[in-house]
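Survey of secondary and tertiary structure
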Amino acid sequence: MKRSEINNLMRSAQEFLVAHQFYLPPFAAWTPAHWQALGPEASELIESQLGWDITDFGSDDFDKCGLLLFTLRNGRSTSLPHFQGKTYAEKVMIIEVAQVTPLHFHWQKTEDIINRGGGNLVVQLYHATPDDELAAEEITFNMDGITRQVSAGGTVILTPGESITLPPRLYHAFWGEGRRVLVGEVFKLNDDRTDNRFHQPIGRFPKIVEDEPPLHLLTVDYSNFFQPKSKP
Ligand SMILES: [Fe+2]
């Protein structure tokens, strides 16, 4: 993806979120220079990979196969064994009409995907076989406290306000329908660098062509801009 495209997507996302009265935390608006001046007090942002996450999954066609996310909070894996500290996490996503996030499952995290407003969100489901292929068996799942079933590869439509719970090893793909959708995600903490299994071999993060300076940093940029200096 070109950096200019990423910058434009951030501007558009900020307008859309404000129009939906959803406000991002202050670090969403920090400049690269602000990040470079930070000290160790900001280390949680880096270690938990909080912030902008925009990807075309290596497709080079963001409109058809891409996703804009912002990670608002996420714990560290050291919290899990003892269930202490921040074992939870939250993201917000913007999903365009017919813009597909390809089939994937998570090795560890259970996630609730929530339609927070706009159009409908279409979610396609498959169980994974023991060798991580698509299973033919029916899926039993939970939507807002109600147990439901869908056939393998079937789709579930979330209208605004509805949510679905996706456990580990349940393949899911999703896209918007009708209008751009504001989507929330509440989940058990995870590390997106290792917790995704895509059915097709694609990239989780984009290759970036630096055709202009970054407006705000993506989480994948942090290591290039953040060298925590110890404060005197
Ligand atoms: Fe997912």
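Worth saying up front: this structure is predicted, and the values here are computed from it rather than measured.

**Thoughts on the overall build of the chain**
- Across its full length, the chain holds four helices and 11 strands.
- Overall, the C-alpha framework of the chain stretches about 60 × 40 × 35 Å when taken along its three principal axes.
- Contacts in the chain between residues far apart in sequence, at least 24 positions, make up 76% of those at least 6 positions apart.

**Points about the nonpolar core**
- Among the nonpolar cores identified, the biggest contains 35 residues, and Leu68, Met93, Ile95, Leu121, Val123 and Val183 are the most heavily contacted of them.
- Looking at this core, the elements that each hand over two or more residues are helix H1 (3–19), strand E1 (51–55), strand E2 (67–74), strand E3 (88–95), strand E4 (101–106), strand E5 (111–127), strand E9 (163–166) and strand E10 (170–188).
- If sequence neighbours within four positions are ignored, leucine 121 has contacts with Ile95, Asn115, Leu158, Phe174, Gly176, Val181 and Val183.

**Quick look at the pairing of E4**
- Summarising the sheet, E4 and E10 pair through two bridges and their orientation is antiparallel. What sits directly across from histidine 104, in E10, is histidine 172.
- Alignment of E4 against strand E11 (residues 196–198), held across three bridges, turns out to be antiparallel. Of the residues in E11, the one forming a bridge with histidine 106 is asparagine 196.

**Re H1**
- Between the first and last C-alpha of H1 there are 24 Å, a value that for 17 residues agrees with the 24 Å anticipated at 1.5 Å per step.
- Taken as a whole, H1 has its buried residues at Ile6, Met10 and Ala13. All buried residues of H1 project into a common sector of 65° when viewed along the axis, lining one side. Exposed side chains of H1 directed beyond 90 degrees from the buried face belong to Asn8, Arg11, Glu15, Val18 and Ala19.
- Buried positions along H1 lie against E1, E2 and E3.
- Positive phi appears at glutamine 21, one or two residues downstream of H1, with a value of about 55°.

**Let's talk about unusual backbone geometry**
- The phi dihedral of glutamine 21 is positive, around 55°, even though this residue is not glycine.
- Relative to the elements of secondary structure, glutamine 21 occurs in the loop between H1 and helix H2 (32–36).
- Within the chain, arginine 169 stands out as a residue other than glycine whose phi angle is a positive 70°.
- Tracing the backbone through its elements, the reader meets arginine 169 in the loop between E9 and E10.

**Description of the pairing of strand E7 (residues 146–150)**
- Among the five residues in E7, zero count as buried, and that is only a small part of the element.
- Remark: two residues form the turn of the hairpin made by strand E6 (residues 139–143) and E7, two consecutive strands paired antiparallel; aspartate 144 in that turn has positive phi of roughly 50°.

**Quick notes on the environment of glycine 85**
- Looking at the element boundaries, glycine 85 is found in the loop between E2 and E3.
- Under the C-beta neighbour-count criterion, glycine 85 is labelled exposed, with 12 such atoms within 10 Å.
- Beyond its immediate sequence surroundings of up to four residues, glycine 85 is in contact with Gly75 and Ser79.

Parameters at a glance
- Residues numbered from 1 in each chain as written.
- Predicted model: local features only at pLDDT ≥ 70, side-chain atom pairs only at ≥ 80, totals over all residues.
- Helix = DSSP H or I, 4+ residues; strand = E, 2+ residues; numbered from the N terminus.
- Contact = placed C-beta atoms within 7 Å.
- Core = buried A, V, L, I, M, F, W, Y, C linked by C-beta atoms within 7 Å.
- Buried ≥ 20, exposed ≤ 12 C-beta atoms within 10 Å, placed from the backbone.
- Pairing = 2+ DSSP bridges.
- Expected span 1.5 Å × (residues − 1).
- Arc of directions from axis to C-beta.

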